[in-house]
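# Topology and contacts: notes
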Amino acid sequence: IRLILPNGIHVASADLEMFKKMKAAGCEVIYFGIESGNDEILRIMRKGSNREMIKKAVDLCHQVGIRAGGHFEIGWQGETVETARDTINFIKEAGFDNANLGYAMPEHGTPLWEYAIKHGKLLYDYTEVLDYSKFYMEMAVPQFETPEFTTEQRIMVYNEGLKIIDSIVRNRILSKQNIIKFVKNTTDFRDYLWAVKRVYTLLFKSDLRRVYQPKPSLINYSIKKTENP
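The structure reproduced in this document is the subject of the present report. Source: prediction; values computed, not measured.

Turning next to helix 3 (residues 51-64). The terminal C-alpha atoms of helix 3 lie 21 Å apart, and with 14 residues this matches the ideal 20 Å at 1.5 Å per residue to within 8%. Every buried residue belonging to helix 3 is among I54, A57, V58, L60, C61 and V64, and all of these are buried. All buried residues of helix 3 fall inside an arc of 155 degrees around its axis, so they share one side. Exposed side chains of helix 3 directed beyond 90 degrees from the buried face belong to E52, K56 and Q63. Between the side-chain oxygen of the N-cap and the backbone nitrogen of E52 there are 3.1 Å, and the N-cap of helix 3 in question is N50. Once helix 3 finishes, G65 follows within two positions and takes phi at roughly 85 degrees, a positive value.

Laid out in structure tokens, this is it:
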């Protein structure tokens, strides 16, 4: 089986022997809930981690051949342009193979909510029952701003982060090793047509995490498994 952990585990859980067993069981990717690449912001979050722990977790993944992904956000309590840039630069520095980036979301009743109300202003209409059809719930737009970190600055740094993540994804997918693997394992002609479109997307599109389509052979396989469980 192909085993992927997409929702993020804590870096304190990283363990070489466990990762070896996970790799043997078919694990290909582990995502970590990182949030920030700045130690002071991590301390304010009470995250229980630091940059050194995060780098170690990524290194342990790579030692056993597992790709390491990370979930990051900008705009936390006390955040500035400088600390936010620490985060996006850390994505590349730590050697992540993929990453998700979003804006911090102040939930009602949390310290971040109190901070946003006291030191800045919300940028969306609060409702007691959250409407998940609203695009802001995807955290792809700023949730609040402060004088120290304005909306314009947040968008600027966020876009800088997307460029770094896109570069990492593009280089990994278009690597010689990955191309050879694709050619060796591909027998469906439709997958080659898909690959041409995929290369175009990788070279000319942005925010690549939102423009992925699975290979036709995988879609066909899923349909068959559904029809004949």
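There's plenty left to go through after this.
Mapped onto the elements of the fold, P214 is located in the loop between helix 8 (189-204) and helix 9 (216-227). In this structure the C-alpha to C-alpha distance between P214 and L202, which are 12 residues apart in sequence, comes to 14 Å. Setting aside residues up to four positions removed in sequence, P214 forms contacts with W194 and I219.

We now examine the pairing of strand 2 (residues 27-35). Along strand 2, eight of the nine residues are buried, which leaves the element largely enclosed by surrounding structure. Two strands pair when backbone bridges link them, and strand 1 (residues 3-9) and strand 2 are joined in this way by four bridges, in the parallel orientation. Of the residues in strand 2, the one forming a bridge with I4 is V29. In terms of handedness, the path from strand 1 via helix 1 (residues 16-24) over to strand 2 forms a crossover that is right-handed. Pairing between strand 2 and strand 3 (residues 67-74): six bridges, direction parallel. Looking across to strand 3, one finds that F32 is bridged to G70.

Attention shifts here to the nonpolar core. One recurring pattern in soluble globular proteins is that nonpolar side chains are buried together. Grouped together as the largest cluster of nonpolar side chains are 43 residues, with contacts concentrated most on F19, I30, F32, I66, F72 and F96. Among the secondary structure elements, those contributing two or more residues to this core are helix 1, strand 2, helix 2 (39-45), helix 3, strand 3, helix 4 (81-93), strand 4 (98-103) and helix 6 (151-173). The biggest single contributor to this core is helix 6, with eight residues. Once residues lying within four places of it in the same chain are set aside, the contact partners of I30 are L5, I9, F19, M22, C61, I66, R67, A68 and G69. Counting residues in hydrophobic clusters, the runner-up holds five residues, among them A104, L112, Y115 and F144.

Scoring rules and cut-offs
- Just so you know, the residues in each chain are numbered from 1, in the order the chain's sequence is written.
- Residues qualify for local features only when their pLDDT is at least 70, as the model is predicted, and side-chain atom pairs are given and counted only at 80 or more; totals for whole chains, interfaces and linings, by contrast, use all residues.
- By convention in this description, side-chain values take in all heavy atoms of the structure and omit both hydrogens and water.
- Numbering of helices and strands starts at the N terminus; helices are DSSP runs of H or I of at least 4 residues and strands are runs of E of at least 2.
- A helix's residues, less one, multiplied by 1.5 Å, set its expected span.
- Note on exposure labels: buried denotes an accessible area under 20% of the residue type's maximum, exposed denotes more than 50%, and partly exposed covers the range between, all computed with a 1.4 Å probe on protein chains only.
- What the arc measures is the spread of directions leading from the helix axis to the C-beta atoms.
- Pairs of N or O atoms within 3.5 Å make up the polar contacts considered here, provided that, within protein, one atom can donate a hydrogen while the other can accept it, and that residues adjacent in sequence are counted only when both atoms are side-chain atoms.
- Contacts are assigned to residue pairs that have any heavy atoms within 4.5 Å of one another.
- At least two DSSP bridges between two strands are needed for those strands to be called paired.
- Note on handedness: a clockwise path from strand one over the helix to strand two, with the strands aimed away from the viewer, defines a right-handed crossover.
- Residues belong to one nonpolar core when they are buried, are Ala, Val, Leu, Ile, Met, Phe, Trp, Tyr or Cys, and are joined through side-chain atoms within 4.5 Å.

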